[in-house]
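Remarks on the overall topology
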Protein chains: 2
Amino acid sequence: MIGMGKFDISTPSGFPEFSPAAEQLRQQWVATIQSVFTKYGFISLTTPLVEREENLLGKGGNAKEMYALKRVHDDPNDKSHSGNALRFDHTVPLALYVARHFNDLTFPFKRSVIGPVFRGERAQKGRFRQFDQCDIDIIGNGKLNVSNDALVVAVIVEIFQKLEIGEFVVGVNNRKILTGMAKDLGIDPKAFLDLWDDREKISEEAFQSRLESFQAQSGKVIAALEKFKSISDEDFVKNWVSGKTQACYNAIIKFGESFGEESLRGARELVLVLEILDKRLKVDRRHFAPNLFLARGLDYYTGTVYETMMIRHPEFGSICSGGRYDDLAEIFTRKKLPGVGISIGLTRLFAQCLLAGIITPTKASPTQALLIAADEEAMPKLLEIGADLRASGIVAENYLEDKKLSKQFDYADKLGIPYCVVMGENELRDGVVQVKDMTTGERENVKVEDLRQVFDKAL
Amino acid sequence: MIGMGKFDISTPSGFPEFSPAAEQLRQQWVATIQSVFTKYGFISLTTPLVEREENLLGKGGNAKEMYALKRVHDDPNDKSHSGNALRFDHTVPLALYVARHFNDLTFPFKRSVIGPVFRGERAQKGRFRQFDQCDIDIIGNGKLNVSNDALVVAVIVEIFQKLEIGEFVVGVNNRKILTGMAKDLGIDPKAFLDLWDDREKISEEAFQSRLESFQAQSGKVIAALEKFKSISDEDFVKNWVSGKTQACYNAIIKFGESFGEESLRGARELVLVLEILDKRLKVDRRHFAPNLFLARGLDYYTGTVYETMMIRHPEFGSICSGGRYDDLAEIFTRKKLPGVGISIGLTRLFAQCLLAGIITPTKASPTQALLIAADEEAMPKLLEIGADLRASGIVAENYLEDKKLSKQFDYADKLGIPYCVVMGENELRDGVVQVKDMTTGERENVKVEDLRQVFDKAL
């Protein structure tokens, strides 16, 4: 408990805020992500943070984790405030938006969103109750070509390259391969996918015993597991990395083929997605790879699935996941709306990168030049110079308080402002200013009329 | 009630969302506002949407309008979810942020914020329960120079100029003039300011009768009201507009002087602010003016106050208001933190401008070039061209669905995409594409390698 007397001024548990410098960096991330979304033609939307509780619950909201709104002093005569809750993801609000605006939208509808969602989870390290998610989805009206499934990977790879957070790889799979395989083996596909998802969390023995519990023909199952080697062993990986992609595609198709039609269809879709990424969109193969072990927990994925791992930080878990689904809004509209989407857990990733020292905030202020009056007489002229610099696109700020010069330089130092422009009586008389480079400590006298050029060069 | 069967899919009352085209325009507004805030060196912050209820209530939150959070199915054993509420403005969160991070902040602390706040008001036209506010505040540690009060006006004027919403004027006053005057007349300053605020809402008779109820010496009051002419009559306005500012400043000082020391101090501050804006920051005098009738309702303003009117739309009310306050966070910290701030009610203003036809959304998508395959064979090459165009900074999008050409052009048309790039078998063979200007309908054959230059010129 911090603060004065009766007020606990700390943030509520699970609602993070950052220092000014960290926050500036976080906002740069947001700008980078937004710029890539835009470059690919996604329409940026923000929908309300609040929706009807029944709609959120109807689309898979967990009542234990969902925050409902209630006025602190409620008026029982005004019912219009009850029955609403905070959104827990961006997918349900998208489904509602598309159902509401169906006739005014143009399909395929490509939308991006960056904004907070809320989950009343148990408070624990790295778990937030308010956090920003960055989503893109492409929604078709009736049908949606599988090549869209490649596009979203290209978007994600470009974002993580630009964020410069180190090596990463987007794993791509197609669930039909696994569900087809399960059917072929006579196992319930859902139980099979669940086991698949748990594969890395449980022991080899536990895996075997759950597999046996399916009571499938054990010979067939063992033979099937054997076949996984062909699409994951050292040769496969080497071929992928070295560009012998055709060998990989052949292995994937052959693998799919061996489990029947559904599996083969999944394999063909997967190969198509990989081919477009590699040959057409020229995405660096170090940043995406087929991963046939990938299942992804959520029930509603029906084809392509993605997850993204940081190679040096597997402990982060998947930093960006998603997939293809058959119907976005089946409970809200009779239209069939297949889609593909992917989501970056921004707040969590940012906090993890900060903690791991992958990123280091340095600059708390956007200011490029701090204007300092060494004598009061120089202030009016310096105010004019500040306005002129801003008019020519330089982020310029006048220090307006009556403080010692050393305090004023401190201000620039602490905020990471790279240049100070100082003017006193003498400089005012001579029509010059002293420009101090805060990194090197060098000072230089510059004519007022040349100041803009100096910054144009330096910044 | 719209939607299918049991689900009411409309937005909850008071939680607005916009069409894709309107939303793109709204986001342009946000980007414009943000860019001006940044240019003046404001540090952009986002604080949590949720704070402790007691802190919000302690700083003037209205319990009847405040939304508390409550999990839909609450777990009585986990108290960490209760006692929190949604913020109703950006000022209390700023006070909490400054109190929490005091030792890590550099003062004066200049912060900007753009984001949603929540008020559980009665639902009525033009009133929202979730709406975006855009605030800047400059917070001093102990003291804060009055010239800061000029700076925030320069920021606001630049924003409204860039938004191109028509003529507007920021009215500037200093409350000390009015409180000094009340004291001089023997009237309670708070009651006097309240009356002043109601001045335009009530009849001349009601005004007179409330003035008389103060039981001040009526001769003095009448003489005082008479003096208001000197700082508001036709001559005063003409002098201001034509640049005879010194005459206006003299009138303001003389007016202040006639009501004693506090009034004079207020008059001097007001003149200083106006002078800096006019002479130093060179802000266009059509966009700001002294308005000594201005009081602003909120109790905590103690010096400069602002309100902004659209000249052709007085019915919008003030679109941007604020002022100087003595202490930001007195209940959260013992530090004295004087500040000055101003706030734009973005959602309300945007909705009003849409409704009044002042702005017209036209473009629903950011895409500049839609790539269309007239034959399936051309798709792989077009995917490559799309990636190349994006790599050179053009927002390019491939149409990937199997639809008639006319449907594909429709897509571009409806989304406001200015150019289509079409390739079929023949073009593929000849290494050309057909570029269609969607505004003029003109088509032109362009070599694939020249495409980038064509767009560099056109866009």
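Coordinates for the structure precede this section.
Structure report, in brief. (Residues numbered from 1 in each chain as written. Chains lettered and ligands numbered in written order. Predicted model: local features only at pLDDT ≥ 70, side-chain atom pairs only at ≥ 80, totals over all residues. Heavy atoms only, no water.)

Each partner contributes residues to the interface: chain A has 110 residues there, and chain B has 110 residues. Where chain A meets chain B, there are ten salt bridges. Of the charged contacts, one joins Asp8 of chain B and Arg52 of chain A as a salt bridge, the two residues approaching to 3.6 Å between their closest N and O atoms. The interface formed by chain A and chain B contains 58 residue pairs in polar contact (both at pLDDT 80 or more). Element by element, the count of residues in the side of chain A that touches chain B is highest for helix α1 (residues 20-39) of chain A, at seven residues. Here the side of chain A that touches chain B is composed, by residue class, of 51 nonpolar, 27 polar and 32 charged. As judged from the five bridges shared by strand β3 (residues 67-71) of chain A and strand β3 (residues 67-71) of chain B, these two strands associate in the antiparallel manner. Within the sheet, the bridge partner assigned to Arg71 of chain A lies in β3 of chain B and is Tyr67 of chain B. (Contact = heavy atoms within 4.5 Å. Salt bridge = Lys/Arg side-chain N within 4 Å of Asp/Glu carboxyl O. Polar contact = N/O pair within 3.5 Å; in protein donor to acceptor, adjacent residues only side chain to side chain. Helix = DSSP H or I, 4+ residues; strand = E, 2+ residues; numbered from the N terminus. Nonpolar A, V, L, I, M, F, W, Y, C, P; charged D, E, K, R; others polar. Pairing = 2+ DSSP bridges.)

Bringing a negative patch on the surface into the picture now. Residues and elements named next belong to chain A. A cluster of acidic residues, Glu376, Glu377, Asp402 and Glu425, forms a negative patch at the surface. With respect to the helices and strands, the residue Asp402 is situated in the loop between β13 (396-398) and α14 (405-415). We classify Asp402 as exposed; its relative accessible area is 75%. (Patch = residues over 30% accessible without salt bridge, like charges linked within 9 Å, V, L, I, M, F, W, Y side chains within 5 Å. Areas by Shrake-Rupley, 256 points an atom, 1.4 Å probe, with all protein chains shown as cover. Lys, Arg positive; Asp, Glu negative; His and termini not counted. Charge placed at Lys NZ, Arg CZ, Asp CG, Glu CD. Buried < 20%, exposed > 50% of the residue type's maximum accessible area, 1.4 Å probe, protein only.)

Glancing now at the packing of aromatic side chains. Given two aromatic rings, one states the distance between the centres and the angle between the planes to describe the pair. A complete count under the given rule lists 38 aromatic pairs over all chains for this structure. Consider the rings of Trp240 of chain B and Tyr249 of chain B, whose centres lie 6.4 Å apart with planes at 70°: the pair is edge-to-face. A relative accessible area of 3% means that Tyr249 of chain B is categorised as buried. Among the aromatic residues, those joined into a ring-pair cluster are Phe192, Trp196, Phe207, Phe228, Phe255, Phe259 and Phe293 of chain A. The ring of Phe259 of chain A carries the charged tip of Lys227 of chain A above its face, separated from the ring centre by 5.0 Å. Over the ring of Phe42 of chain B we find Lys110 of chain B; its NZ or CZ atom is 5.1 Å from the centre of that ring. (Phe/Tyr/Trp six-rings, centres within 6.5 Å; stacked < 30°, edge-to-face > 60°. Lys NZ or Arg CZ within 6 Å of the ring centre and 35° of its normal.)

Between the two copies, chain A and chain B, the superposition gives an RMSD of 0.1 Å; the rotation angle is 180° and the shift along the axis is 0.0 Å. Both chain copies can therefore be described as sitting about a two-fold axis. Relative to the rotation axis, the C-alpha of Leu69 of chain A is the closest in chain A, positioned 2.6 Å from it. Both copies present the same face, since 100% of the interface residues in chain A are matched by interface residues at the equivalent positions in chain B. (Least-squares fit on C-alpha atoms with pLDDT ≥ 70 in both.)

Moving on: the sheet that holds strand β8 (residues 288-290) of chain A. A sheet is described by the order of its strands in space; here eight strands give the open sequence β1-β5-β6-β11-β10-β9-β7-β8 (chain A), paired in mixed fashion. Looking at which strands have only one partner, the edges of the open sheet turn out to be β1 (43-44) and β8 of chain A.

Now for the environment of Gly322 of chain A. Structurally, Gly322 of chain A can be placed in strand β10 (residues 320-325). Counting along the chain gives 119 residues from Gly322 of chain A to Gly441 of chain A, while the straight-line C-alpha distance between them is 49 Å.

Moving on, we come to a positive patch on the surface. There is a patch of like positive charges on the surface, built from Lys143 of chain A together with Lys403, Lys404, Lys407 and Lys414 of chain B. Its location among the elements puts Lys414 of chain B in helix α14 (residues 405-415).

Residues and elements named next belong to chain B. Taken residue by residue, α14 has Gln408, Phe409, Tyr411, Ala412 and Leu415 as its buried positions. Looking straight down α14, one finds its buried side chains confined to an arc of 145°; they lie on one side. The outward face of α14, more than 90 degrees from its buried face, is lined by the exposed residues Lys407, Asp413 and Lys414. Positive backbone phi, at 75°, marks Gly416, one or two positions downstream of α14. (Arc of directions from axis to C-beta.)

Next up on the list: the pairing of strand β14 (residues 419-423) of chain A. All names here are of chain A. Taken across its five residues, β14 has five buried, putting it largely inside the fold. Burial along β14 is two-sided: the face carrying Tyr419, Val421 and Met423 and the face carrying Cys420 and Val422 are both buried. Sheet analysis places strand β12 (residues 369-373) next to β14, joined by five bridges and oriented parallel. Paired with Ile372 across the two strands is Val422, which belongs to β14. Both β14 and strand β15 (residues 432-437) contribute to a ladder of four bridges, which runs antiparallel. The residue bridging Cys420 from the neighbouring strand is Lys436, located in β15.

What follows deals with the sheet that holds β15 of chain A. Residue and element names in this part refer to chain A. Strand order in the open sheet formed by five strands is β13-β12-β14-β15-β16, and the pairing between neighbours is mixed. Each end of this open sheet is capped by a strand with a single partner; those strands are β13 and β16 (443-447). The average undirected angle you get between the axes of adjacent strands in this sheet is 25°. In the packing of α14 onto the sheet, contacts are made with β12, β13, β14, β15 and β16, and the angle to β12 comes to roughly 170°. (Axes fitted to C-alpha atoms, helices over the stretch in contact; angles between N-to-C directions.)

Generally, phi is negative for residues other than glycine and the peptide bonds are trans, each holding for most cases. Here the bond from Phe107 of chain A into Pro108 of chain A is cis, since omega is -5°, no more than 30 degrees from zero. Among the secondary structure elements, Pro108 of chain A is positioned in the loop between α3 (91-101) and β5 (109-118). One non-glycine residue, Glu164 of chain A, lies in the positive phi region at around 50°. Structurally, Glu164 of chain A can be placed in the loop between α4 (148-163) and β7 (168-174). With phi around 50°, Lys282 of chain B is a residue other than glycine that occupies positive phi space. Along the chain, Lys282 of chain B turns up in the loop between α11 (261-280) and β8 (288-290). With relative accessibility at 53%, the residue Lys282 of chain B sits in the exposed group.

The next thing to look at is the pattern of salt bridges. Per the stated rule, a full pass over the model turns up 52 salt bridges over all chains. Of the charged contacts in the structure, one is a salt bridge between Arg286 of chain A and Asp284 of chain A, with a shortest N-O distance of 2.6 Å. Assessed through its relative accessible area of 59%, Arg286 of chain A is described here as exposed. The salt bridge partner of Lys201 of chain B is Asp198 of chain B, with a shortest N-O separation of 3.6 Å. Exposure remark for Lys201 of chain B: the relative accessible area of 67% places this residue in the exposed category. Three or more residues are tied together by salt bridges with common partners; here these are Arg280 and Lys282 of chain A together with Lys381 and Glu384 of chain B.

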